[in-house]
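Analysis of the macromolecular model
What follows is each chain in one-letter form.
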2 protein chains.
Amino acid sequence: MKVKVVTRILEANDRIAEDNRKRFQAAGVTVVNLMGAPGAGKTTLLERTIRALQSRLKVGVIEGDIVGTDDAERIGALGVPVVQINTGGACHLDANMISEVLDELPLAELDLLIIENVGNLVCPAEFKVGEDAKMMVLSIAEGHDKPLKYPLMFRESSALVLNKIDLLPYMNTDMNKVRNDSLALNPKLQIFEVSCATGEGIDRWAQWLSGLRS
Amino acid sequence: MKVKVVTRILEANDRIAEDNRKRFQAAGVTVVNLMGAPGAGKTTLLERTIRALQSRLKVGVIEGDIVGTDDAERIGALGVPVVQINTGGACHLDANMISEVLDELPLAELDLLIIENVGNLVCPAEFKVGEDAKMMVLSIAEGHDKPLKYPLMFRESSALVLNKIDLLPYMNTDMNKVRNDSLALNPKLQIFEVSCATGEGIDRWAQWLSGLRS
């Protein structure tokens, strides 16, 4: 019975996601659903990415959080259009939440819309929002066992950004295990190693991301 | 409609949690629901805690993960009774999942049962499982903005274990902000600073935890 409820919710979600997708295509905007655990560094990666791409692409952002507007204020300070969604208690964004805020963004003027999901390694991966691609951020401080413990997000993502590599000298994270387990789950996964603290690796990631437009 | 479904699920959960609680009381076991984001260090804290308490208390563990038995194997290696729950897709443990595995544990022989929840800062805080107290682990590598972004877990917890303090010299985490924002949400919150890598702070935490028995 519980399973049936979930299935129905997911089916309804996928229909709305498909409507969102058509709207994005009509506006000519590429849409990325950015996921990751709390504290993986999603917002800091977004700040770095926007700075790297701002001269080439018109970027917009939707911020998803349980409560608060901190992240939208950080992104808004960079001069890009941003909308904050507060989910209340929900641990993920769904297609309907996205649909309800699309009128607040100048979609037709945007090249790239990045949707920062609620910090969570589980449920965001289950809910399509109309994106062209899902991407995930994993902090190397979270440890090397995460791909096998949270496999769905690694399977669903087109890219994995391994963040906080500046901490590698102080941790015993086995990066080969992270890479190998991730690629075993998803052989097509693009893996980027970055430090949002130092800026290392951001250019290569931003370059790849901007290539999604073509 | 969606809200109604959720409310009904939570009410049904609370009834089963109450049954679990009566069963725990009858067995004379103190039960802790240990929560935190993926990679906060819950399992490593558990290993350190069990080693610190093993001579004084009989400890048992229930491990919650989406998939896999890695954590149960790590805990089982310490010689304590452990059961692994795999939630499939669910991002939290609920009272029914706990109820279904209680026959697998020698409850009447245990002093302390620690339930390690699925790695998630959101939903685990909403679902009672019959515990005497909820506790949470936050890695200082997750950043100082977490209390205000994920307030429910900080409100629901009796103790907050700030882990990975060995990384403080390499991060710009504002520990005063973490402490102040956490206490603003929950003035009764007990805060412990530990490093599961070095063992710093574990004794004080374990001492406090064993005091819950009385």
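This structure is a prediction, so every number in the text was calculated from the model and none was measured. (Residues numbered from 1 in each chain as written. Chains lettered and ligands numbered in written order. Predicted model: local features only at pLDDT ≥ 70, side-chain atom pairs only at ≥ 80, totals over all residues. Heavy atoms only, no water.)

1. Some words on helix α7 (residues 175-185) of chain B
All names here are of chain B.
- The set of residues buried in α7 consists of Met175, Val178, Asp181, Ser182 and Leu185. Down the axis of α7, the buried side of the element spans an arc of 140 degrees, and every buried residue falls inside it.
- Buried-residue contacts for α7 involve β5 (133-139), α5 (146-149), α6 (151-156), β6 (159-163) and β7 (190-193).
- Sitting at the head of α7, Asp174 places a side-chain oxygen 3.1 Å from the backbone nitrogen of Asn176. (Buried < 20%, exposed > 50% of the residue type's maximum accessible area, 1.4 Å probe, protein only. Helix = DSSP H or I, 4+ residues; strand = E, 2+ residues; numbered from the N terminus. Arc of directions from axis to C-beta. Contact = heavy atoms within 4.5 Å. Polar contact = N/O pair within 3.5 Å; in protein donor to acceptor, adjacent residues only side chain to side chain.)

2. Focus on the packing of helix α2 (residues 42-53) of chain A against helix α8 (residues 202-211) of chain A
Residues and elements named next belong to chain A.
- Packing of α2 against α8 brings their axes to within 9 Å, and their N-to-C directions diverge by 70 degrees. One element, α2, and the other, α8, form an angle in the roughly perpendicular class. Across the interface between the two elements, Leu45, Arg48, Thr49, Ala52 and Leu53 of α2 pack against Ile202, Trp205, Ala206, Leu209 and Ser210 of α8.
- Residue composition of the contact of α2 with α8, by class: 7 nonpolar, 2 polar and 1 charged. (Axes fitted to C-alpha atoms, helices over the stretch in contact; angles between N-to-C directions. Parallel < 35°, antiparallel > 145°, perpendicular 65-115°, else oblique. Nonpolar A, V, L, I, M, F, W, Y, C, P; charged D, E, K, R; others polar.)

3. A word on the relation of the copies chain B and chain A
- Between chain B and chain A, the superposition needs a rotation of 180 degrees and an axial shift of 0.0 Å, giving an RMSD of 0.0 Å. Expressed as an axis order, the relation between the two copies is that of a two-fold axis. When C-alpha positions in chain B are compared against the rotation axis, the closest is assigned to B:Asn120, at 3.0 Å.
- A symmetric contact is evident, with 100% of the interface residues of chain B recurring at the interface of chain A. (Least-squares fit on C-alpha atoms with pLDDT ≥ 70 in both.)

4. Observations concerning helix α8 (residues 202-211) of chain B
Residues and elements named next belong to chain B.
- What α8 keeps buried is the set Ile202, Trp205, Ala206, Leu209 and Ser210. Down the axis, α8 shows its buried residues gathered within 130 degrees of arc, on one side only. Facing away from the buried side of α8, by more than 90 degrees, are the exposed residues Asp203 and Arg204.
- Summarising the contacts, the buried residues of α8 are in contact with β1 (30-36), α2 (42-53), β4 (112-116), β5, β6 and β7.

5. Brief notes about the nonpolar core
- Ranked by size, the top nonpolar core spans 52 residues in total, and within it A:Ile140, A:Leu160, A:Leu162, B:Ile140, B:Leu160 and B:Leu162 carry the most contacts.
- Breaking this core down by element, the ones donating at least two residues are β5 (133-139), α6 (151-156), β6 (159-163) and α7 (175-185) of chain A together with β5, α6, β6 and α7 of chain B.
- Not counting residues up to four positions away in its chain, the partners in contact with B:Ile140 are B:Leu162, B:Asn163, B:Lys164, B:Ile165, B:Leu167, B:Leu168, B:Met171, B:Thr173 and B:Met175. (Core = buried A, V, L, I, M, F, W, Y, C linked by side-chain atoms within 4.5 Å.)

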